[in-house]
Amino acid sequence: MLIFAAMKRLLTIIAFLFVITVVTAQRYEEVRITHFSEAEGYGQDIVSCAIQDYNGYVWIGTWNGLCRYDGYRFQNYRMRPGDNSPLRTNRIGSIRELPNHDLECTTNDSLIFVFHRRTEHFEQTSGDYSKRPRPYRADDATVAKLKSLPQFANIFTNILLVDRQGGIWVDTHSGLYRIWFGAKPLQPVKFSEAAEEEVRCLYVDKKGRTWVADKNGYVRVGDRFLTPKGKLSTAPVAFGQNVYCILEDSRGDLWLGAKPEGLTRLKASETADGYIVKRYVHDENAPNSLSCNNIYDIVEDRQKRLWIATYNGGLNMYDLRQQHDVFVHRDNGLSGWPADEESNKMRCLYITAEQVLMAGTLNGLFTCSLKDNPRDMKFWHHCRRPNDATSLSYNWVADIEPLRDHTVAIATSGGGFCLADDRQLLSDRTPFNTFTTDQGLPSDVCLSLFFKPDHGLYVVSQTSISCFSLSDSTVTNYTRGRLDEHFKLLETKPIFIRSQESSGEGSLLFGTTKGVLSVSPQDMQKSSYQPPLVFDCPSDIRLSPDERSLTIQFAALDFNKNVPITYAYRIEGMDNRWSYITDNHITLPDIPAGTFQLHLRSTNGDGVWVDNEQTLTIHRRAAFHETPWAWMLYGLLLALLVIGIYRVVRYIRQLQNEIKDIRLTSNQRIEVMSHRIRELLSIKEAVEKIEPVEVVESEKDRLFAERVKTFVNEHLADSDLSMQDIAQAMAISRTLLFARMKSVFNTSPNNYLLNQRIERAKELLRQPDVYVADVAYRSGFSDPKYFSKCFKKLTGMTPTEFQKS
């Protein structure tokens, strides 16, 4: 009996894999033909020759100049009006690479030129034209391989070159072509004649049978079909439900979750080849029924309880040990579950080894301990926090997959995938490590996950499958170059099926819009070719202070591209983080002064990261404002400004202390302050005519007036005479001097001094044969122009006019 059961199990696997194996066997070598046109910068009529240089560039000689191809575009080199080119014609007849890697070219007028790669200019040279390279001659096998292709069987062809990757470069009357032979894109397998066969569920039960459920309502179990009554039929019979998930519980019963048909329980029949079918749906009149008929996922915990994720009805719990069919949800006992609409749209479930339930919803990830009573469960909410890079990257959680060492992966539909420690989930601040297109994923929309310990974490998006390595965090992508373009991958959970009982070999199965996609280890094998990585500029770039931006062109010279080449770069000295791009150029918009190292590496044409890192040095001279001397100057000016402000503030406070005990009106206080500040800032005071005071009321003021007049008249010729000198002579402060002068003379000390000097100047100007400048100096003015200005303001005429009058 044991031998019979084992044989039956093996035959079931073989039956399901039969179609998969046939399709896999048909994945033969496929011809890839590239026709070059103006879109790649190629627009030549006649081609003479071609070579591949030491870097890997392909150089083509045409009747319209020399062309270089880097896998993206053609760069053309020819004579132009006014460019001082020594070429007399653009017709290149032959090309040869010299030891220094410049190119020797001949033209149809029997001249020889050297094309200097660094300067990109031609130079005429002497040589023996008869020793020019002969045209390339392909071997018979290459010619036969080309002529076996229908496109080239009966037309003129000129094989120019077979490059290092086996690509055949062919010139025809219809243009230039490159032909190479690669693997045929993977295609899914359909089991029906329907145009669309969206596979929504894949599952392997404990007997090793593979279950496949599609949106057309079919459920295949091995090589048979599940009928609505639970029978297994060899004829195609629809089950009648859109099954999204399947679970075999600890008792051997199978549970099928469908949308929108609810939940189905399949109990093995002891008398017939099939199952006893029991259905569970939502009933508005039954509070203990399912909360919603849209079932997305089912898991079982150690206490033999089923946890059911519904879309629009939240979380449900069903105890397998109970006698009655009771579904516990938020409305009848699971009160800790949130009530908002987005949280009740569930997508996936997972239970960790520590019995922590993880529930993915459209409102983030919810976690709780299953050791608690359902009525007392506390749910921790993990969602995106815009200001926290360690939070969940996106709130729409699509799938959850355990890895190793307590690490769990969470796929999101817009934020890539996140890694977290499943021992830290019962917390408000669980840290998540996010991986997106910035780390090399082809898309941030991750539909499902599958972990294979010997390979890595497979990440599924609509048009690609990626393999993430846990050891070095690199991503290998299988995109449209490896996958046929006529289908899309779905959020169906992938499964792995073994081809033999004791072997690790097998295939990964993915759900698509066109059936089941089978991917074997052979399909995952990628090219080990390491393309040269070349820059289209010198390896040492020096910029002037005015050159603040720079665009750098480069290329990984892999012409057999199944997928677009991905580049990673970092700028040592500016940003040490790796950035990922698929364009073959970088624009640096705002380069600071200094020396920086640009590190660049790439994948090959199969999406495999290779060890081809190259560096480029960028040096930009600093403008004066970027030098340390400028910063020292700015610092000195700032210090002087601070000192000046400090002195002014201290001076004002000193003035305030001086005038607080003097009886002055508010206007007088303001006038004293402004006068003293002008004095501090060396601002010349405008002269005003003094109105004479008719009566000096007190003896004290009269004596003060006489002392001031006497001192000023004695020192009137001294141009350095200041308010401070007068205050010291009167034995009072400058502030008190100002107040006394305003009281006695009705003017400020400086204005009084100016008026007295003008009066002295009038006396001197009345003398014969005197010069105006001499009068200015003898009156105490150090600047004759300022003297003339003050004189005219007080007298209404210039000193010269006064002298003549």
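Higher on the page you've got the structure.
Residues numbered from 1 in each chain as written. Predicted model: local features only at pLDDT ≥ 70, side-chain atom pairs only at ≥ 80, totals over all residues. Heavy atoms only, no water.

Student: I'd like a description of the overall build of the protein, backed by residues and values.
Tutor: Assigned secondary structure in the protein consists of 12 helices and 48 strands. For 805 residues, the compact-globule estimate of 2.2 N^0.38 gives 28 Å, and the protein exceeds it by more than 25% at 46 Å. Contacts in the protein between residues far apart in sequence, at least 24 positions, make up 53% of those at least 6 positions apart. Of the roughly 40,600 Å² of accessible surface on the protein, 50% is carried by carbon and sulfur atoms. (Helix = DSSP H or I, 4+ residues; strand = E, 2+ residues; numbered from the N terminus. Rg over C-alpha atoms; globule rule 2.2 N^0.38 Å. Contact = heavy atoms within 4.5 Å. Areas by Shrake-Rupley, 256 points an atom, 1.4 Å probe, with all protein chains shown as cover.)

Student: Go over the packing of aromatic side chains, please, and point to the residues and values.
Tutor: Summed over all chains, the structure comprises 36 aromatic pairs. Where Trp631 meets Tyr634, the ring centres are 5.8 Å apart and the plane angle is 85°; that geometry is what we call edge-to-face. Residue Trp631 and its partner Tyr634 are both found in helix α4 (residues 628-659); the two are separated by 3 residues, about one turn of the helix. On the numbers, 5.7 Å between centres and 55° between planes, the contact of Phe787 with Phe791 is tilted. Of this pair, Phe787 and Phe791 both sit in helix α11 (residues 784-795), 4 residues apart, roughly one helical turn. (Phe/Tyr/Trp six-rings, centres within 6.5 Å; stacked < 30°, edge-to-face > 60°.)

Student: Tell me about the state of the cysteines, and name the residues and values.
Tutor: The final tally for this structure, using the stated rule, is 0 disulfides. Cysteine Cys292 shares no disulfide, and the gap to the nearest cysteine sulfur, in Cys245, comes to 12 Å. (Disulfide = S-S within 2.5 Å.)

Student: If you had to explain the environment of Glu97 to someone new, which residues and values would you point to?
Tutor: Note that Glu97 resides in strand β6 (residues 92-97). Separated by 43 residues in the primary sequence, Glu97 and Tyr54 have C-alpha atoms spaced 8.5 Å apart. In this view, Glu97 contacts Ile51, Gln52, Asp53, Tyr54, Asp102 and Leu103; residues no more than four positions away in its chain are not counted. From its side chain, Glu97 meets the backbone nitrogen of Tyr54 in a polar contact 3.3 Å long. A distance of 3.0 Å separates a polar atom in the side chain of Glu97 from a polar atom in the side chain of His101. (Polar contact = N/O pair within 3.5 Å; in protein donor to acceptor, adjacent residues only side chain to side chain.)

Student: Describe in detail the pairing of strand β47 (residues 594-602), supporting the description with residues and values.
Tutor: Two strands pair when backbone bridges link them, and strand β44 (residues 567-572) and β47 are joined in this way by 6 bridges, in the antiparallel orientation. Counted as the bridge partner of Ile571 is Leu598 from β47. Here β47 runs beside strand β48 (residues 614-620); their pairing, made up of 7 bridges, is antiparallel. Paired with Leu598 across the strands is Leu616, a residue of β48. (Pairing = 2+ DSSP bridges.)

Student: Which residues make up the sheet that holds strand β46 (residues 585-588), and what values go with them?
Tutor: Spatially, the 3 strands line up as an open sheet ordered β41-β43-β46, and their pairing is antiparallel. Each end of this open sheet is capped by a strand with a single partner; those strands are β41 (533-535) and β46. On average, each strand axis in the sheet is tilted by 25° relative to the strand beside it, whichever way the strands run. Pairing geometry for β41 and strand β43 (residues 550-556), over 3 bridges, is antiparallel. Within the sheet, the bridge partner assigned to Val534 lies in β43 and is Ala555. (Axes fitted to C-alpha atoms, helices over the stretch in contact; angles between N-to-C directions.)

Student: Account for the packing of helix α6 (residues 699-714) against helix α8 (residues 734-744), with residues named and values stated.
Tutor: Between α6 and α8, the shortest axis-to-axis distance is 11 Å and the interhelical angle comes to 105°. Relative to α8, the element α6 lies roughly perpendicular. Side by side, α6 and α8 meet where Lys700, Asp701, Phe704, Ala705 and Val708 of the first sit next to Leu737, Arg740, Met741 and Val744 of the second. Classifying every residue of the contact of α6 with α8 by side-chain character gives 6 nonpolar, no polar and 3 charged. (Parallel < 35°, antiparallel > 145°, perpendicular 65-115°, else oblique. Nonpolar A, V, L, I, M, F, W, Y, C, P; charged D, E, K, R; others polar.)

Student: Talk me through unusual backbone geometry; I want residue IDs and the actual numbers.
Tutor: The peptide bond linking Lys259 to Pro260 adopts the cis configuration, its omega dihedral lying at 10°. Its identity as a non-glycine residue notwithstanding, Asn84 has a phi of 60°, on the positive side. Inspection of the secondary structure puts Asn84 in the loop between β5 (74-77) and β6. For Asn84, a relative accessible area of 77% translates into the label exposed. Phi at Ser110 takes a positive value of approximately 65°, unusual for a residue other than glycine. Tracing the backbone through its elements, the reader meets Ser110 in the loop between β7 (103-107) and β8 (112-116). Given a relative accessible area of 42%, Ser110 falls into the partly exposed group. (Buried < 20%, exposed > 50% of the residue type's maximum accessible area, 1.4 Å probe, protein only.)

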